[in-house]
Amino acid sequence: MIQSKTFNRCNAPACYQRGAALMLMMFILGMAALAYIVKSMNAASMRTEQDVKTMVALGEAKGALIAWSVAHKNWPGIMPFPDRLETTSPNYDGKSDCVTNGLNNSHLIGKLPLFGDAPCVSPQDGLGVKAVDSSGERFWYAVSKNLIRTSGSDSTPIINPSIIDTKPWLRVFDANGNLISNRVAVVIIAPGQPLAGQNRSGATPPVGAFLDEIVIGGATYSNRDYDQDNEDFIMGGTTNPTFNDRLVYITIDELTYALEKRASQEAGQKLRDYYLASNVDPANRSYPYAADVNNACVENANFGFLPIQPSMATCTSAQACTLSFPMTQVKFTLDMAENYDAKSGACTYAGNACTCWGVGSCTASSITFSCTVGGSCTSTSSGHFTFTYTSKLSSNTDANGSCLGGNGTVTCTGAGTFVSPVTNCTSTKKWIENLPLWFLANRWQDYIYYTRSPTSSLESGGRTGVSALLVSAGAPIVDAPFSFKGSPQSRPSNNIADYLDSAENTDGDSVFDATNKQKTHIYNDQVFIVAP
């Protein structure tokens, strides 16, 4: 007998329907997955595109801020105050908020100002950029106290290459907490869109509503606070959901390198002015002789410092003297039982003696001694001071009246005059004139070497026929492996190797490095051709 078998057979139309439904479901799931992937890719691509736009805008703001500072009419190198929350003026109005008294670090962080400020820094020129990130938020800005000027108890800072190594600067870390630079003058921060807990509504949102903080390896890094001179700031990464700040910074090295160009251009123009005025006959025109380390003209010298008009001092009493920078230092000594207890700017004190080498002041309980940009040094007390001028190196000095001395030091106890250093040039015009006050007050003449050739035989990087050129010496190189000198550079000095850094620039011949030679850690000379 044949046994029948039961088979689970599928009706063809039903099978096809179920198979089609399964395929459709798989298709839908596949499309959903693809859509998710595409959406994620689009989101990532959009974030990348936004980051690129933000970083481009940050770069533009950095360039604009350097240009604003370097081109400043009255004090190149100065930086504006931030646009901060204030109780006496509109908040975040685009203007920098000057602090005239009681400056502290909390005043040095805010939004990047779009305009200048008054009365601390003028003119009120804008940066010329929009200064917003890809989300439309204005950039934030923090600046070192070393580059801020106030009109109150703190005066205008002395800004030249020596500022690099003499004061603490801001510090910037990467997204892993590694130090990138501890020589930061300015940071510019894009805050991005608000994160969880950041409420930017209302008229006065605080800094924490914009800038972020992050914990790395147990250490907290924050862009929100500024309570010490070497404050830390951190650059954000691209994947952290709790930190979306983006940051660029300006080092003091970048700023001073650009400032050297400005100062050298000023000096070059004054040398060209001298040349054109030296004789009505073009065939008989010439550049001035070079100067010694005191900027005193030296007869027939073709290589040295800029020849600057000698400092003339007039003391009307023991309390008031008017002079001009260049100078090394001026000291007022109290003849009473009272000591100085506070200082500002380019002044310092020890007991009853206040020494200034530029704009600044010293105060005792009832007495203030101060020097202004124009070189007017005065005291608020009469008849209790000894005025002492000291030049960079020993040099002859003409003095009369109650001003006595020589060899670089003159002391005035009352009315009198003196000129120091005395030039030994016999030519009618011995120095270049009309250098800006900021140039002299910041002592840029100490950082520029000058050489001339009556026969136009100088050469720079293969360019021949040069009749005059300048070399900006930059800050002294004091760390190994050192410059061509092979040891730390020390200034002031009569040794050219303490200023210039290569064999070509220090060998005393007529050949110098090219104007576009790259800066390195052992070479910071900049060569500028004056003519032709």
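What counts, and where the lines are drawn
Residues numbered from 1 in each chain as written. Predicted model: local features only at pLDDT ≥ 70, side-chain atom pairs only at ≥ 80, totals over all residues. Heavy atoms only, no water. Helix = DSSP H or I, 4+ residues; strand = E, 2+ residues; numbered from the N terminus. Buried < 20%, exposed > 50% of the residue type's maximum accessible area, 1.4 Å probe, protein only. Areas by Shrake-Rupley, 256 points an atom, 1.4 Å probe, with all protein chains shown as cover. Polar contact = N/O pair within 3.5 Å; in protein donor to acceptor, adjacent residues only side chain to side chain. Contact = heavy atoms within 4.5 Å. Pairing = 2+ DSSP bridges. Axes fitted to C-alpha atoms, helices over the stretch in contact; angles between N-to-C directions. pLDDT = per-residue confidence, 0-100. Phe/Tyr/Trp six-rings, centres within 6.5 Å; stacked < 30°, edge-to-face > 60°. Disulfide = S-S within 2.5 Å. Salt bridge = Lys/Arg side-chain N within 4 Å of Asp/Glu carboxyl O.

### Brief notes about the overall build of the protein
Each helix and strand counted, the protein has four helices and 25 strands in total. Expressed as a percentage of the 532 residues in the protein, the buried residues total 48%. About 24,700 Å² of surface is accessible on the protein, with carbon and sulfur atoms providing 54% of the total.

### Notes on the side chain of S361
Along the chain, S361 turns up in strand β14 (residues 353-363). Within polar-contact distance, the side chain of S361 engages the side chain of S344 at 2.9 Å. Contacts of S361, omitting those with residues within four sequence positions, involve A342, K343, S344, C347, T368, F369 and S370.

### What about the sheet that holds strand β22 (residues 463-466)?
Within the open sheet, the three strands sit side by side as β22-β21-β24. Their pairing is mixed. This sheet does not close on itself; its edge strands, each paired only once, are β22 and β24 (511-512). Inspection of the sheet shows strand β21 (residues 458-460) paired to β22 by two bridges, in the antiparallel sense. Directly across from S460, in β22, lies its bridge partner R463.

### Some words on the sheet that holds strand β23 (residues 468-472)
One open sheet holds the four strands; their spatial order is β9-β20-β23-β25, and the pairing between them is antiparallel. Here the strands that pair on one side only, and so sit at the sheet edges, are β9 (303-305) and β25 (526-531). Direction aside, the axes of adjacent strands within the sheet are offset by 25 degrees on average. Across five bridges, the pairing between strand β20 (residues 448-452) and β23 is antiparallel. Paired with Y449 across the two strands is V471, which belongs to β23. Sheet strands touched by helix α2 (residues 252-277): β20, β23 and β25. Its angle to β25, the strand with the most contacts, is close to 20 degrees.

### A few points about unusual backbone geometry
What is expected of a backbone is that most residues other than glycine have negative phi and most peptide bonds are trans. In this model, A480 is joined to P481 through a cis peptide bond whose omega is 10 degrees. On the secondary structure map, P481 appears in the loop between β23 and α4 (503-506). Here the amide bond leading from A531 into P532 is cis, since omega sits at 5 degrees, within 30 degrees of zero. Its identity as a non-glycine residue notwithstanding, A131 has a phi of 60 degrees, on the positive side. The buried category is assigned to A131, whose relative accessible area is 6%. Non-glycine residue N295 carries a positive phi angle of around 65 degrees. You can see N295 is positioned in the loop between α2 and β9. According to the relative accessible area criterion, N295 is buried, its value standing at 1%.

### Here we look at the confidence of the model for the protein
Summing up the model confidence of the protein, the mean pLDDT is 84 and the portion of residues at 70 or higher is 83%. Across residues 1-7 the pLDDT falls below 50, and counting only partners more than four positions away or on other chains, this stretch makes zero contacts in the model.

### A short note on the packing of aromatic side chains
The way to describe two aromatic rings as a pair is by their centre distance and the angle between their planes. Here the structure, examined in full by the defined rule, presents 14 aromatic pairs. For the pair F173 and Y221, a centre-to-centre distance of 5.3 Å together with 55 degrees between the ring planes defines the contact as tilted. In this pair, F173 is assigned in strand β3 (residues 170-173) and Y221 in strand β6 (residues 219-222), connecting sequence segments 48 residues apart. Judged by centre distance (4.6 Å) and plane angle (25 degrees), the rings of Y275 and Y287 are stacked. Residue Y275 is found in helix α2, and its partner Y287 is found in the loop between α2 and β9; the two are separated by 12 residues along the sequence. Owing to a relative accessible area of 24%, Y275 belongs among the partly exposed residues under this scheme.

### What to know about the state of the cysteines
By definition, a disulfide links the sulfur atoms of two cysteine residues through a covalent bond. Enumeration over the complete set of coordinates arrives at six disulfides. One disulfide bridge connects C354 with C362, the sulfur atoms lying 2.1 Å from each other. Measuring handedness by torsion sign, the sulfur bridge of C354 and C362 sits at about 75 degrees and is right-handed. Taking relative accessible area as the criterion, C362 reaches 0% and is therefore assigned buried. Each sulfur of the disulfide joining C371 and C377 lies 2.1 Å from the other. Looking along the S-S bond of the C371-C377 disulfide, the torsion reads about 115 degrees, which is the right-handed sense. Comparing C371 with C377 shows no difference in burial state: the two are buried.

### Structural notes on the pattern of salt bridges
In this structure the tally under the stated criterion is 11 salt bridges. Residues R183 and D253 are paired through a salt bridge, measuring 2.9 Å at the closest nitrogen-oxygen approach. With R183 in strand β4 (residues 179-190) and D253 in helix α2, the pair connects residues that are 70 residues apart, well separated along the chain. For D253, a relative accessible area of 21% puts it in the partly exposed group. Between E266 and R262 there is a salt bridge, and its shortest N-O distance comes to 3.3 Å. Here the residue E266 and the residue R262 both occupy positions in helix α2, the gap between them amounting to four residues, near one helical turn. Comparing E266 with R262, the two get one shared label, buried.

### Considering the pairing of strand β8 (residues 246-251)
By the criterion of burial, β8 is predominantly enclosed, with six of the six residues buried. Residues R246, V248 and I250 point to one face of β8 and L247, Y249 and T251 to the other, with burial holding for every one of them. Strand direction decides the pairing type here: β4 and β8, joined by six bridges, are antiparallel. Residue V186 lies in a different strand from β8, and its bridge partner there is I250.

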